[in-house]
Amino acid sequence: MDNFISILRDASSPQELEAYKVQLFKENVRIKTDRTELEEMQEQIANREKKLAEVREDIERQRNSLNEEAKQIKKELHRERKRLEEDTLFFEKKQMVLDRAFRQLDEDRRRLEHDKLQFMRYKEEVRTQIPKTRQFEFHQGTFFRGVTNQLELKKRYKDLIKIFHPDNVSGDKDTLQLINKEYEQIKNELGISRQTW
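Residues numbered from 1 in each chain as written. Predicted model: local features only at pLDDT ≥ 70, side-chain atom pairs only at ≥ 80, totals over all residues. Heavy atoms only, no water.

1. Details of the overall build of the protein chain
Okay, step 1: A tally of helices and strands in the protein chain yields 4 helices and 0 strands.
Okay, step 2: In sequence order, the protein chain lays out its α and β elements as α-α-α-α.
Okay, step 3: Counting over 197 residues, the protein chain shows a buried share of 10%.
Okay, step 4: Residue pairs at least 24 apart in sequence account for 29% of intrachain contacts in the protein chain once pairs closer than 6 positions are excluded. (Helix = DSSP H or I, 4+ residues; strand = E, 2+ residues; numbered from the N terminus. Buried < 20%, exposed > 50% of the residue type's maximum accessible area, 1.4 Å probe, protein only. Contact = heavy atoms within 4.5 Å.)

In structure tokens, the structure reads:
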């Protein structure tokens, strides 16, 4: 500025002074324009810094939120891991119980097979001990079909008499006569007398 004042003092003519003034005015306008642009730029920079600060705060909030979510996920993961371990132990215990039950079932099946074989042997022994005259199977009749021994014959006869006796609701005299006839026929074929009954 001092340099500019000394230039104005040293001006040799009023035209030169006027030219310096015009130049000074233009320079002043340019400086004001530059200052205005600079202020606008500073304002823009301030706005950008403010926005940047807001973005930073938002990022920080998001980071904190993500950290919280990560903590929650870790806790949940820990709980799920613990539950999975408990479920695994429970499953292993169940598997042990099932294995034990299957072993017991196998043992029971073997025992049952053994008992069945013994029963079949006993049944065969009993069958061989029954006298030949008492073993029969009568195929001709309607009422006594499938009967294989005297006890079954007697039982079937009593049951048929109860059903077809004329005093019953479903009784029938003719059917009763057929039953008696077939019964007597079987007894005669087998040589069974009334006294052995």
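What follows picks up the thread again.
2. Digging into the environment of leucine 176
Okay, step 1: With respect to the secondary-structure elements, leucine 176 resides in helix α4 (residues 173-190).
Okay, step 2: Judged by its relative accessible area of 12%, leucine 176 falls in the buried class.
Okay, step 3: As for leucine 176 and isoleucine 161, which are separated by 15 residues in sequence, their C-alpha atoms are 7.0 Å apart.
Okay, step 4: Setting aside its immediate chain neighbours within four residues, leucine 176 contacts Ile161, Phe164, His165 and Pro166.

3. Some points on the packing of aromatic side chains
Okay, step 1: The tally for this structure, following the rule as stated, stands at 2 aromatic pairs.
Okay, step 2: Plain terms: the ring middles of tyrosine 157 and tyrosine 183 are 3.9 Å apart, the flat faces sit at 15° to each other, and that makes the pair stacked. On the criterion of sequence distance, the pair formed by tyrosine 157 in helix α3 (residues 150-164) and tyrosine 183 in helix α4 is long-range, its members being 26 residues apart. The pair tyrosine 157 / tyrosine 183 is uniform in exposure class, with both members buried.
Okay, step 3: Feature note: the residues Phe144, Tyr157 and Tyr183 constitute an aromatic cluster, connected by ring pairs. (Phe/Tyr/Trp six-rings, centres within 6.5 Å; stacked < 30°, edge-to-face > 60°.)

4. Notes on the packing of α3 against α4
Okay, step 1: As a packed pair, α3 and α4 sit with axes 10 Å apart at the nearest point and diverge in direction by 170°. Here α3 is positioned roughly antiparallel relative to α4, judged by the angle of their axes. On the side of α3, the interface is formed by Leu153, Tyr157, Leu160, Ile161 and Phe164, while α4 contributes Thr175, Leu176, Ile179, Asn180, Tyr183, Ile186 and Lys187.
Okay, step 2: Of the residues that constitute the contact of α3 with α4, the class distribution is 9 nonpolar, 2 polar and 1 charged. (Axes fitted to C-alpha atoms, helices over the stretch in contact; angles between N-to-C directions. Parallel < 35°, antiparallel > 145°, perpendicular 65-115°, else oblique. Nonpolar A, V, L, I, M, F, W, Y, C, P; charged D, E, K, R; others polar.)

5. A closer look at the pattern of salt bridges
Okay, step 1: Enumeration over the complete set of coordinates arrives at 13 salt bridges.
Okay, step 2: Between aspartate 34 and arginine 30 there is a salt bridge; the shortest N-O distance is 2.8 Å. Separated by 4 residues within a single helix, aspartate 34 and arginine 30 lie in helix α2 (residues 14-129), roughly one turn from each other.
Okay, step 3: The class of aspartate 34 is partly exposed, set by a relative accessible area of 33%.
Okay, step 4: Accessibility expressed as a relative area gives 42% for arginine 30, which makes it partly exposed.
Okay, step 5: Between glutamate 184 and lysine 187 there is a salt bridge, with its nearest N and O atoms 3.7 Å apart. Placement of the pair is glutamate 184 and lysine 187 together in helix α4, with a separation of 3 residues, close to one helical turn.
Okay, step 6: Lysine 187 sits in the buried class, given a relative accessible area of 3%. (Salt bridge = Lys/Arg side-chain N within 4 Å of Asp/Glu carboxyl O.)

6. Here's the deal with the nonpolar core
Okay, step 1: Phe143, Phe144, Val147, Leu153, Tyr157, Leu160, Ile179, Tyr183 and Ile186 form the largest nonpolar core, which has 9 residues in total.
Okay, step 2: Contributions of two or more residues to this core are made by α3 and α4. (Core = buried A, V, L, I, M, F, W, Y, C linked by side-chain atoms within 4.5 Å.)

7. What to know about the confidence of the model for the protein chain
Okay, step 1: The pLDDT averaged across the protein chain works out to 83; a share of 84% of its residues lies at or above 70.
Okay, step 2: Below pLDDT 50 for its whole length, residues 131-139 participates in 24 contacts with residues either more than four positions away or in separate chains. (pLDDT = per-residue confidence, 0-100.)

8. Description of the side chain of threonine 175
Okay, step 1: One can find threonine 175 in helix α4.
Okay, step 2: Other than its neighbours up to four places away in sequence, threonine 175 contacts Phe143 and Phe164.

9. Thoughts on α3
Given 3.6 residues per turn, any residue in an α-helix points the same way as the ones three and four places further on.
Okay, step 1: Its 15 residues give α3 an end-to-end C-alpha distance of 21 Å, which sits within 8% of 21 Å, the value for a rise of 1.5 Å per residue.
Okay, step 2: Turning to α3, its buried residues are Gln150, Leu153, Tyr157 and Leu160. Buried residues of α3, seen end-on, are gathered within an arc of 90° and therefore sit on one face of the element. Opposite the buried face of α3, by more than 90 degrees, sit the exposed residues Leu151, Lys155 and Lys162.
Okay, step 3: In this fold, the buried residues of α3 make contact with α4.
Okay, step 4: The backbone nitrogen of leucine 151 has a side-chain oxygen 3.2 Å away, supplied by the residue at the start of α3, namely asparagine 149. (Expected span 1.5 Å × (residues − 1). Arc of directions from axis to C-beta. Polar contact = N/O pair within 3.5 Å; in protein donor to acceptor, adjacent residues only side chain to side chain.)

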